[in-house]
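This is what each chain is made of:
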Amino acid sequence: MKRKRTAEEEAISFYQTSKKSSAGSTSSTTIEQQQQQKLQQQHSHIHIMSTTKSDIGLIGLAVMGQNLALNIAEKGFSISVYNRTYAKTVDTVKRAEQEGKGSFKLQGFEHIEPFVQSLSKPRKIIMLVQAGKPVDATIELLKNHLEDGDTIIDGGNEWFLETERRARDLASFDPSRNIHYMGMGVSGGEEGARHGPSLMPGGPIESYHAIEHILKKVAAQVDDGPCVTYIGPRGSGNYVKMIHNGIEYGDMQLIAEVYDLLKNVGGLSNEELQQVFTQWNQNELQSFLIEITSRIFAKRDEKDQSKFLVDQVLDKSGSKGTGKWTIQECAERSVPCPTIASALDARYMSSRRDERVAASKVLQGPSAVSGQVDKQALVNDLKNALYCAKICSYTQGMNVLREASNEFGWDLKLGEISRIWKGGCIIRAIFLDRIKAAYDKNKDLPSLLMDGEFAREIAERQESWRRIVTLAVSQGIPVPALSASLGYYDSYRRLRLPANLIQAQRDFFGAHTYQRVDDSNWFHSDWATPKL
Ligand SMILES: NC(=O)c1ccc[n+]([C@@H]2O[C@H](COP(=O)([O-])OP(=O)(O)OC[C@H]3O[C@@H](n4cnc5c(N)ncnc54)[C@H](OP(=O)(O)O)[C@@H]3O)[C@@H](O)[C@H]2O)c1
């Protein structure tokens, strides 16, 4: 019977094969053979490892996986990588050779078994494949090769209940093997994955401790430590990443609305927009999204250098699902999140472009307001409005986290979560220091709006915010997120809401009962009879 090759033999024998084939290629080869030879020639860049086992494994070498693998290798850890389509493994090995100049301990595998055998025990394997069925397919491929105490870490944007289901399935698949499963949010896109993402790992605490030393080196580093912390049990890591993305939707929409007003009411040119966003990036709004926005306004169109690229981009924004999940969860937890919801709706509205084009020819807006706009005053008001709305948006996201934490018994540390978002991720911002400080002062804060500092800052800026929403409404410029945030603030601070009327209506048509202002018992009235 033929003996199976060990992990080292696979890597080394592949290297030898590739050297042989590249030296002795013949002219009469099929396309398939030529492609294989090409791959093998590329593979001759492989770094030959010693026979020691790798510290960690990574499956899924698309944008995120490839960059995270290189980041891990750069931090001095040995890593084995695998991808369903082998060409990406070859690419990764080649990049490791180029970027590490021979120093990265990264080895690629074509087959799953030698990949698993190349890992030190207990094994730690990060998956960065497309969420959904590909995750299940990858687990199927892996699970028979795993042993007691090994851990799979799904780094994708997965629905948190899927992570919990998979953890249960793995536990029941072979209880004697005790295979652990974690869901880890990874934020920061390609750049973050390569140079330091924000990491949100959730699952068994002992599995976290087994990879903590790696994650702490790989994560973005900020003034108060690496951007990683143990989030909590089960699907909590995926959940926190999902809410992070929801907050990201809110931030992006708010910035887009501010841009709309600066451009279409203030008449700012792209050069002026760039200056404004650059200035804003020096103060309390300093953040990755403000920074990239200023850079976007500087980019010329490659097709025509006299134009700016941003003006050539079609006004249709896409979404991949985490914003929708966030809003589904807000509804599930009964937590009002109007800023994030309006950001999601705005993307959906934008994607119905054909309808909008037709409607723009039929539906009337207000008549154009004449007169000069004081650009500096507008810029100042928008800065204040953006800051106030941003506080509301983060308040909503943090409130969903707190509610889910209570519901699922996760014991989420909201201050610590704000800290790990300070670097590496898309919503990284100086502002997160303020949120952390608010929760450090009072970990049970019912709302960020109730923090003394935030309350004062909004009070000082609210006149600007109200002027901006009024201006937008009068000019027919949609500001769904800025106005939803203001509505949220006004609703939250209001002693008496018109909900008495809603409850009366519910009792009228459905006998849903109501409580009185002077009695907390439940009553039903015959509303159709005006007098008793
Ligand atoms: N891109 C980002 O900026 C970003 C940021 C944060 C988080 N994420 C999340 O990170 C994960 C990876 O994202 P990504 O953009 O790098 O890659 P992706 O496009 O979401 O997925 C591509 C990867 O999934 C693998 N795959 C697809 N179907 C498969 C199947 N049926 N069986 C096994 N493997 C399969 C692909 O293998 P093949 O090469 O063989 O097709 C490839 O490795 C996703 O969950 C994503 O949502 C992405």
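Being a predicted model, the structure only gives us computed values, none of them experimental.

**What to know about the overall build of the protein chain**
Turning to step 1, where the next piece is worked out: Helix and strand counts for the protein chain stand at 22 helices and 11 strands.
Turning to step 2, where the next piece is worked out: Dimensions along the principal axes, computed over C-alpha positions, put the protein chain at roughly 95 × 65 × 45 Å.
Turning to step 3, where the next piece is worked out: Buried positions account for 43% of the 532 residues belonging to the protein chain.
Turning to step 4, where the next piece is worked out: When contacts within the protein chain are restricted to residue pairs at least 6 apart in sequence, those whose partners lie at least 24 apart make up 69%.

**So, helix H11 (residues 270-280)**
Turning to step 1, where the next piece is worked out: When H11 is considered as a whole, its buried residues turn out to be Leu-273, Val-276, Phe-277 and Trp-280. Taken end-on, H11 shows its buried residues confined to a sector of 95°, consistent with a single buried face.
Turning to step 2, where the next piece is worked out: For H11, the elements touching its buried residues are helix H10 (236-264), helix H12 (288-296) and helix H17 (375-408).

**Overview of the sheet that holds strand E1 (residues 56-59)**
Turning to step 1, where the next piece is worked out: Judged by pairing direction, the sheet is mixed, and its seven strands sit side by side in the order E3-E2-E1-E4-E5-E6-E7 without closing on themselves. Single-partner strands in this sheet number two, and they are strand E3 (106-109) and strand E7 (198-202). Strand-to-strand, the axes of this sheet are offset by a mean angle of 25°, without reference to chain direction.
Turning to step 2, where the next piece is worked out: Relative to strand E6 (residues 180-187), strand E5 (residues 151-154) runs parallel, the two sharing four bridges. Across the sheet, Asp-154 pairs through a bridge with Gly-183, a residue of E6.

**Some points on H17**
Turning to step 1, where the next piece is worked out: Taking 1.5 Å as the rise per residue, H17 with 34 residues should run 50 Å; its terminal C-alpha atoms sit 49 Å apart, in good agreement.
Turning to step 2, where the next piece is worked out: Most of H17 sits out of view: 26 of its 34 residues are buried.
Turning to step 3, where the next piece is worked out: Gly-409 sits one or two residues past H17 and shows a positive phi near 65°.

**Side note on the site of the ligand**
Turning to step 1, where the next piece is worked out: With respect to spatial proximity, 24 residues lie near the ligand, and among them Met-64, Arg-84, Thr-85, Pro-134 and Gly-156 are the closest.
Turning to step 2, where the next piece is worked out: Listed by contribution, the elements that provide at least two residues to the shell around the ligand are helix H3 (63-74), helix H6 (133-143), E6 and helix H8 (189-195).
Turning to step 3, where the next piece is worked out: Here the shell around the ligand takes four residues from H6, the largest share from any one element.

**Notes on the pairing of E6**
Turning to step 1, where the next piece is worked out: Of all the eight residues making up E6, eight are buried; the element is thus mostly covered by neighbouring parts of the structure.
Turning to step 2, where the next piece is worked out: The side-chain alternation of E6 yields two buried faces, one formed by His-180, Met-182, Met-184 and Val-186 and the other by Tyr-181, Gly-183, Gly-185 and Ser-187.
Turning to step 3, where the next piece is worked out: Crossover connection from E5 via helix H7 (residues 160-173) to parallel E6: handedness right-handed.
Turning to step 4, where the next piece is worked out: When E6 meets E7, the two strands line up antiparallel, connected through five bridges. Counted as the bridge partner of Val-186 is Leu-199 from E7.

**Considering the nonpolar core**
Turning to step 1, where the next piece is worked out: Leu-58, Ala-69, Met-127, Leu-382, Leu-401 and Leu-482 are the most contacted members of the largest nonpolar core, which totals 128 residues.
Turning to step 2, where the next piece is worked out: Viewed by domain, this core spans two of them, domain 1 (7-230) and domain 2 (241-493), each represented by three or more residues.
Turning to step 3, where the next piece is worked out: Sequence-distant contacts of Leu-401, defined by excluding residues within four places in its chain, comprise Val-240, Ile-243, Leu-412, Leu-414 and Ile-417.

**Side note on the confidence of the model for the protein chain**
Turning to step 1, where the next piece is worked out: Per-residue pLDDT for the protein chain averages 91, and the proportion of residues at 70 or more is 90%.
Turning to step 2, where the next piece is worked out: Here residues 1-9 is modelled with pLDDT under 50, and outside its nearest four sequence neighbours on either side it reaches 10 contacts, counting other chains as well.
Turning to step 3, where the next piece is worked out: Taken together, the stretch residues 12-33 has pLDDT below 50 and engages in 21 contacts with residues farther than four places along the chain or on a different chain.

**A few points about the pairing of strand E11 (residues 519-523)**
Turning to step 1, where the next piece is worked out: Of all five residues in E11, zero are buried, a share of ten percent or less.
Turning to step 2, where the next piece is worked out: What sits between the antiparallel neighbours strand E10 (residues 514-516) and E11 is a turn of two residues.

**Points about the environment of Gln-396**
Turning to step 1, where the next piece is worked out: By the element assignment, Gln-396 lies in helix H17.
Turning to step 2, where the next piece is worked out: Judged by the 27 C-beta atoms lying within 10 Å of it, Gln-396 is buried.
Turning to step 3, where the next piece is worked out: Note: C-alpha distance between Gln-396 and Val-369 (27 residues apart in sequence) is 34 Å.

**Here's the deal with unusual backbone geometry**
Turning to step 1, where the next piece is worked out: Following Lys-121, the chain continues to Pro-122 via a peptide bond in cis, the omega torsion being -10°.
Turning to step 2, where the next piece is worked out: Along the polypeptide, Pro-122 turns up in the loop between helix H5 (112-117) and strand E4 (124-127).
Turning to step 3, where the next piece is worked out: We note that Lys-101 has phi near 45°; this positive angle belongs to a residue other than glycine.
Turning to step 4, where the next piece is worked out: With respect to the helices, strands and loops of the structure, Lys-101 is situated in the loop between helix H4 (86-100) and E3.
Turning to step 5, where the next piece is worked out: Unusually for a residue other than glycine, Thr-513 sits at a positive phi of about 70°.
Turning to step 6, where the next piece is worked out: Secondary-structure assignment places Thr-513 in the loop between helix H22 (499-510) and E10.

**Things to note about the environment of Ala-484**
Turning to step 1, where the next piece is worked out: Relative to the helices and strands, Ala-484 is located in helix H21 (residues 480-493).
Turning to step 2, where the next piece is worked out: Sequence separation of Ala-484 and Ala-167 is 317 residues, and the distance between their C-alpha atoms is 38 Å.
Turning to step 3, where the next piece is worked out: If we ignore the near neighbours within four places in the chain, the residues touching Ala-484 are Pro-338, Thr-339 and Ser-342.

**Some points on the packing of helix H14 (residues 322-333) against helix H15 (residues 338-351)**
Turning to step 1, where the next piece is worked out: Two numbers describe how H14 lies on H15: the axes approach to 10 Å, and their chain directions differ by 140°. In terms of axis orientation, H14 runs oblique to H15. Between H14 and H15 the crossing geometry is left-handed. Residues Gly-323, Lys-324, Thr-326, Ile-327 and Cys-330 of H14 form the contact with H15, whose own contacting residues are Ile-340, Ala-341, Ala-343 and Leu-344.
Turning to step 2, where the next piece is worked out: The residue makeup of the contact of H14 with H15, split by class, is six nonpolar, two polar and one charged.

About the cut-offs
- Residues numbered from 1 in each chain as written.
- Predicted model: local features only at pLDDT ≥ 70, side-chain atom pairs only at ≥ 80, totals over all residues.
- Helix = DSSP H or I, 4+ residues; strand = E, 2+ residues; numbered from the N terminus.
- Buried ≥ 20, exposed ≤ 12 C-beta atoms within 10 Å, placed from the backbone.
- Contact = placed C-beta atoms within 7 Å.
- Arc of directions from axis to C-beta.
- Pairing = 2+ DSSP bridges.
- Axes fitted to C-alpha atoms, helices over the stretch in contact; angles between N-to-C directions.
- Expected span 1.5 Å × (residues − 1).
- Near = placed C-beta within 6 Å.
- Right-handed = clockwise from strand over helix to strand, strands pointing away.
- Core = buried A, V, L, I, M, F, W, Y, C linked by C-beta atoms within 7 Å.
- Domains from an automatic or database assignment.
- pLDDT = per-residue confidence, 0-100.
- Parallel < 35°, antiparallel > 145°, perpendicular 65-115°, else oblique.
- Left-handed = near helix turned anticlockwise from the far one by under 90°.
- Nonpolar A, V, L, I, M, F, W, Y, C, P; charged D, E, K, R; others polar.

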